[in-house]
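So you can see what is in the structure, the chains are spelled out below.
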Amino acid sequence: MKNTILEVYGPIEIPHNGDKKGSYKRISRALAKEFWEHEEAQPLAQKQGCYIFSLRVGRGFTPWYVGKAGKTFEQESFTDHKIGHYNEVLWDGKKGTPVMFFIAQPGNRNKVSARILNEMETHLIQSAVYKNPDLCNIKNTKNLPKWGIAGVVRGGKGRQTVVSSSFKKMMGI
């Protein structure tokens, strides 16, 4: 069985109105359109895959919305409904710079099967909700695992030990 290997692209900063402090930020439809003029974003516009709206604070990122694009990223990642979710996070005064990550096929390949998209979206939402329990979309998170392994999976914050790092490497996690 051949695996589909996807790649992560980003973070790509999303143009927005407002200040850096988070007291007033807004992503308009026009600014969302401007996003696709970024040199980094242009090659992704016609691809399918998953995308994650996040806020960058310092060197870290907090995921706020995970979505999938079965058509194209350009058609689906900045619809009015999605911009509404993004702006809700920004209007709540959350600090940080809005950015977008994308997971898609590398090179000239654009399509991802619907089955893979669904599985990937579910996995990413479940992972993101552990990082941010206030994630905007929480579909398929009712029966999340109630266990974790420190330094490996759902283990909370803290430095990874040599043992947990070796274990992750051995297991391919």
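Look a little higher up for the structure.
No experiment lies behind these values; they were computed from the predicted model shown.

### Points about the side chain of His 16
Inspection of the secondary structure puts His 16 in the loop between strand E1 (7-13) and strand E2 (17-18). At 3.1 Å, the side chain of His 16 forms a polar contact with the backbone oxygen of Ile 14. What His 16 contacts, discounting residues up to four positions off in sequence, is Lys 25, Arg 26, Ile 27, Leu 31, Thr 97 and Pro 98.

### A few points about the nonpolar core
Counting 24 residues, the largest nonpolar core has Phe 35, Trp 36, Phe 53, Phe 78, Met 100 and Phe 102 as the members making the most contacts within it. Of all the secondary-structure elements, those providing two or more residues to this core are helix H1 (29-35), strand E4 (49-57), strand E5 (60-69), helix H3 (80-91) and strand E6 (97-104). Sort the elements by how many residues they give to this core and H3 lands first, with four residues. When residues no more than four places from it in sequence are discounted, the contact partners of Met 100 are Tyr 9, Gly 10, Pro 11, Ile 12, Ile 14, Phe 35, Tyr 51, Ile 52, Phe 53, Ser 77, Phe 78 and Tyr 86.

### A word on the sheet that holds E1
In spatial order, the strands read E1-E6-E4-E5; together these four strands make up an open sheet with antiparallel pairing. Strand pairing shows two members of the sheet lacking a second neighbour, E1 and E5, which therefore form its edges. Across the sheet, the mean angle from the axis of one strand to that of its neighbour is 25°, orientation sign disregarded. For E4 and E6, the ladder comprises eight bridges, and the chain directions are antiparallel. Looking at the pairing, Cys 50 lines up with Ile 103 of E6. Sheet strands touched by H3: E4, E5 and E6. Its angle to E4, the strand with the most contacts, is close to 20°. Of the strands in this sheet, E4, E5 and E6 are in contact with helix H4 (residues 114-131), which crosses E5 at around 155°.

Conventions adopted
- Numbering of residues starts from 1 in every chain and runs along the sequence as written.
- The predicted nature of this model means local features are confined to residues of pLDDT at least 70 and side-chain atom pairs, given and counted, to a pLDDT of 80 or more, with totals for whole chains, interfaces and linings taken over all residues.
- Just so you know, side-chain values use all the structure's heavy atoms and leave hydrogens and water out.
- Helical segments are the DSSP runs of H or I of at least four residues, strand segments are the runs of E of at least two, and each set is numbered from the N terminus.
- Residues adjacent in sequence count toward polar contacts only when both atoms are side-chain atoms; beyond that, a polar contact is any pair of N or O atoms within 3.5 Å, and within protein one must be able to donate a hydrogen and the other to accept it.
- Residue contacts are counted whenever heavy atoms from the two residues lie within 4.5 Å of one another.
- The criterion is simple. A nonpolar core is a set of buried Ala, Val, Leu, Ile, Met, Phe, Trp, Tyr and Cys residues joined through side-chain atoms within 4.5 Å.
- Categorising residues by exposure relies on relative accessible area from a 1.4 Å probe, with only protein chains included: less than 20% of the type maximum marks a residue as buried, more than 50% marks it as exposed, and the intermediate range marks it as partly exposed.
- Two strands form a pair only when DSSP identifies at least two bridges running between them.
- Orientation is described by axes fitted as lines to C-alpha atoms, over the contacting stretch for helices, and by angles from 0 to 180 degrees between their N-to-C directions.

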